[in-house]
Amino acid sequence: MAVTIEDLYRSYGVLADAKDNLSPHKDAYQVILNGVKGGPKEKRLAAQFIPKFFSSFPELADSAINAQLDLCEDEDVSIRRQAIKELPRFATGENILRVADILTQLLQTDDTAEFNQVNASLIAIFKIDAKGTLGGLFSQILQGEDIVRERAIKFLSTKLKTLPEDVMTKEVEDYVFAETKKVLEDVTGEEFVLLMRVVSGLRVLQTVNGRQQLVELVVEQAFLEQALNPADPDTVDRLLQCTRQALPLFSKNVHSTRFVTYFCEHVLPNLSSLTSPVAELDIQLEVLKLLAEMSPFCGDMEKLEANLNMLFTKLLEFMPLPPEEVENGENSASEEPKLQFSYVECLLFGFHQLGKKLPDFLLEKVDAERLKDFKIRLQYFARGLQVYIRQLRVALQGKTGDALKTDENKIKVVALKITNNINILIKDLFHNPPSFKSTITLSWKPVQKSEAVAPKRPSGEEIGSGGSTKKQVSPLPRRDARQIYNPPSGKYSATIGNFTYEQRGGFRGGRGRGFGGRGNRSRGRIY
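Residues numbered from 1 in each chain as written. Predicted model: local features only at pLDDT ≥ 70, side-chain atom pairs only at ≥ 80, totals over all residues. Heavy atoms only, no water.

- The chain carries the name Apoptosis inhibitor 5 in an unreviewed UniProt entry, which gives Perca fluviatilis as its organism.
- Taken from UniProt, the Subcellular location (unreviewed entry) comment for the chain reads in full: "Nucleus".
- Recorded under Sequence similarities (unreviewed entry), the UniProt text for the chain is reproduced unchanged: "Belongs to the API5 family." (UniProt positions renumbered as here; feature names shortened; annotations may be inferred.)

Pasting the structure below:
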């Protein structure tokens, strides 16, 4: 005989009146459990009544949880939401792991309100037992269906950082780190980025030792002990992603030496043959920017001279010789060489940073003929710089505010920053002996406050001689500084096309690409 609304209210009344002496009224609780087999109204009442008296009938615990689970899978979404909302009330003692496991599986819903309720219930049981909740989440990440794994990882990456310290204790954070390392043994690129976000935010790892541990995690993923296959876009993609994740971790105490060494020994020799994982991405420029950003944090390097020589060789490739002149003094070629400022900024900066560790490299490690050739190229490049800097300053003169926010002017502002950076570095190398003392902020990096304010407006002559252009740099946008400025044939081009680039942290393709595909797991309901 089906349970009616009246039966449910009558049983509720019996249990409520019994107060602390509920055990003799097991039959009344069983009636409430049977309510899950009734109509929509009975189910809604059962969803509320079952958890209210759950703790008073431990012998019916399994039956009660299973009854609530039936409601969590009901066809009526409002009944499911009600049942999910009440699930945290079952999260006591040994049940916490099971409830967390169930809620994690329920993340696969496509109903927005239901999904939000699952998230709220997960947060609620976190505050009851964080470690037990994490056990359920990581269990599904390691063994659950792909959609559940994906959403569980995203839940961790967005929600853990919002939890207070009394929930995310040191013991809990240590557990997160240990379990994340297990998951990282088999991940896609997108999962790797999200999981690094999880562990990078742990308070227990905000120390030099902690950040060193994070770098070790990235090194394991980057396969730095293997030679690079430049023709494989997935291999290149892996290296890019790992390097991007490692960059924020580097400091004067946490060194980038292994990454810089790998780039010098394996990436630079194959620079022209690298296969881009994204069609619109200038892979050579992206690689050079990463190398430049890492170079200030490089520690002692075993093969410093050899790596400096590789940087020097690659720099020469991007710094052309001046065109030959015929007898009447005119250029023999119809076009002057193009000056690739973006590439040269990266290579010069990297060379400048590593050069500090071996300041006599140009004088004692490079033969006289090669050094002479280098100086000729530097002089030619420096002359071209003066022309472009003057043209850019004229083009930007008097422009402020919204006028500097147009796409064309954004590129000109970046170009001015690039050319001035190169000018400063070249000036250092023209010293006798070469100097490595100047400091610059790479053109695509946010400008430091101390650099954004200058005591006076520099003149055109000062800029041409490598003087500061700090005041002009202040409007520099953080994310639009990725375009390449490359005026054709030594002339300033007023028409610059838009260049679409991959945002940092992005990853090509979907599941099953990048860090190796993970096979689909079709497990069905396992709770």
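1. Structural notes on the overall build of the chain
Line of reasoning, step 1. On a plain count of helices and strands, the chain comes out with 23 helices and 0 strands.
Line of reasoning, step 2. Buried positions account for 52% of the 527 residues belonging to the chain.
Line of reasoning, step 3. A separation threshold of at least 6 residues defines the contact pool for the chain, and within that pool the share at least 24 residues apart is 74%. (Helix = DSSP H or I, 4+ residues; strand = E, 2+ residues; numbered from the N terminus. Buried < 20%, exposed > 50% of the residue type's maximum accessible area, 1.4 Å probe, protein only. Contact = heavy atoms within 4.5 Å.)

2. Thoughts on helix H9 (residues 146–159)
Line of reasoning, step 1. With 14 residues, H9 should reach 20 Å at 1.5 Å per residue; the first-to-last C-alpha distance of 20 Å fits that figure.
Line of reasoning, step 2. Along H9, the positions that sit buried rather than exposed are Asp146, Val148, Arg149, Arg151, Ala152, Ile153, Phe155, Leu156 and Ser157.
Line of reasoning, step 3. Elements that come into contact with the buried residues of H9 comprise helix H6 (95–106), helix H7 (112–126), helix H8 (130–143), helix H10 (170–183) and helix H11 (189–200). (Expected span 1.5 Å × (residues − 1).)

3. Section: the environment of Tyr12
Line of reasoning, step 1. Considering the arrangement of structural elements, one finds Tyr12 in helix H1 (residues 5–18).
Line of reasoning, step 2. Measuring from C-alpha to C-alpha, the distance between Tyr12 and Lys52 comes to 9.6 Å, with 40 residues separating the pair along the chain.
Line of reasoning, step 3. Once you skip the residues sitting within four places of it in the chain, Tyr12 turns out to touch Ile32, Phe49, Lys52 and Phe53.

4. Let's talk about the packing of aromatic side chains
Line of reasoning, step 1. Counted according to the given criterion, the structure contains 15 aromatic pairs.
Line of reasoning, step 2. Taking the centre distance of 5.0 Å and the plane angle of 5° together, the rings of Phe318 and Tyr343 count as stacked. In this pair, Phe318 is assigned in the loop between helix H16 (304–317) and helix H17 (341–355) and Tyr343 in helix H17, connecting sequence segments 25 residues apart.
Line of reasoning, step 3. A cation over an aromatic ring shows up here: Arg238 above the ring of Phe223, its NZ or CZ 4.2 Å from the ring centre. (Phe/Tyr/Trp six-rings, centres within 6.5 Å; stacked < 30°, edge-to-face > 60°. Lys NZ or Arg CZ within 6 Å of the ring centre and 35° of its normal.)

5. Focus on the pattern of salt bridges
A side chain of one charge can pair with a side chain of the opposite charge when the charged atoms of the two come close.
Line of reasoning, step 1. Applying the stated criterion across every chain yields a total of 21 salt bridges.
Line of reasoning, step 2. With a shortest N-O distance of 3.2 Å, Arg89 and Glu86 are connected by a salt bridge.
Line of reasoning, step 3. Assessed through its relative accessible area of 11%, Glu86 is described here as buried.
Line of reasoning, step 4. Across the pair Glu216 and Arg258 runs a salt bridge whose closest N-O atoms are separated by 2.5 Å. Within this pair, whereas Glu216 is found in helix H12 (residues 208–222), its partner Arg258 is found in helix H14 (residues 257–267), the two being separated by 42 residues in sequence.
Line of reasoning, step 5. Residue classification places Glu216 among the partly exposed residues on the basis of a relative accessible area of 30%. (Salt bridge = Lys/Arg side-chain N within 4 Å of Asp/Glu carboxyl O.)

6. Some words on the nonpolar core
Line of reasoning, step 1. Tyr29, Ile50, Leu134 and Phe374 are the most contacted members of the largest nonpolar core, which totals 152 residues.
Line of reasoning, step 2. It is H17 that provides the largest number of residues to this core, a total of 9 residues.
Line of reasoning, step 3. Counting 7 residues, the second largest nonpolar core, distinct from the first, contains Ile389, Leu404, Val413 and Ala415. (Core = buried A, V, L, I, M, F, W, Y, C linked by side-chain atoms within 4.5 Å.)

7. Things to note about the environment of Asp300
Line of reasoning, step 1. If you trace the backbone, Asp300 turns up in the loop between helix H15 (283–294) and H16.
Line of reasoning, step 2. Judged by its relative accessible area of 78%, Asp300 is exposed.
Line of reasoning, step 3. Sequence-wise, Asp300 and Leu354 are 54 residues apart; in three dimensions their C-alpha atoms are separated by 9.9 Å.

8. Examining unusual backbone geometry
Line of reasoning, step 1. Each neighbour pair has its own omega, and for Asn432 with Pro433 the value is 0°, a cis peptide bond.
Line of reasoning, step 2. For Lys19, which is not glycine, the phi torsion reads 55° and is therefore positive.
Line of reasoning, step 3. Here the phi dihedral of Phe223 falls at roughly 55°; this positive angle occurs in a residue that is not glycine.

9. Quick look at the packing of helix H5 (residues 77–86) against H7
Line of reasoning, step 1. Packing of H5 against H7 leaves a shortest axis separation of 9 Å and a crossing angle of 5°. For the element pair H5 / H7, the angle class is roughly parallel. Of the residues in H7, those touching H5 at Val77, Arg80, Arg81, Ile84 and Lys85 are Ala113, Glu114, Gln117, Val118 and Ser121.
Line of reasoning, step 2. Considering only residue class, the contact of H5 with H7 consists of 4 nonpolar, 2 polar and 4 charged. (Axes fitted to C-alpha atoms, helices over the stretch in contact; angles between N-to-C directions. Parallel < 35°, antiparallel > 145°, perpendicular 65-115°, else oblique. Nonpolar A, V, L, I, M, F, W, Y, C, P; charged D, E, K, R; others polar.)

10. Overview of the side chain of Asn423
Line of reasoning, step 1. For Asn423, the location among the structural elements is in helix H20 (residues 407–429).
Line of reasoning, step 2. Among the polar contacts listed, one links the side chain of Asn423 to the side chain of Gln386, at a separation of 3.3 Å. (Polar contact = N/O pair within 3.5 Å; in protein donor to acceptor, adjacent residues only side chain to side chain.)

11. Details of the confidence of the model for the chain
Line of reasoning, step 1. Averaged over the chain, the pLDDT score is 84; the fraction of residues at 70 or greater is 83%.
Line of reasoning, step 2. Throughout residues 450–514 the model reports pLDDT below 50, and contacts reaching past four residues in sequence, or to other chains, amount to 153 contacts.
Line of reasoning, step 3. Scored below 50 in pLDDT, residues 517–527 shows 36 contacts in the model against residues more than four places distant or in partner chains. (pLDDT = per-residue confidence, 0-100.)

12. A short note on H7
Line of reasoning, step 1. For H7, with 15 residues, the first-to-last C-alpha span of 21 Å sits near the 21 Å given by 1.5 Å per residue.
Line of reasoning, step 2. Within H7 the residues assigned to the buried category are Glu114, Val118, Asn119, Ser121, Leu122, Ile123, Ile125 and Phe126.
Line of reasoning, step 3. Residues of H7 that are buried make contact with helix H4 (61–72), H5, H6, H8 and H9.
Line of reasoning, step 4. Measuring from the side-chain oxygen of the N-cap residue of H7 to the backbone nitrogen of Ala113 gives 3.2 Å; that N-cap residue is Asp111.

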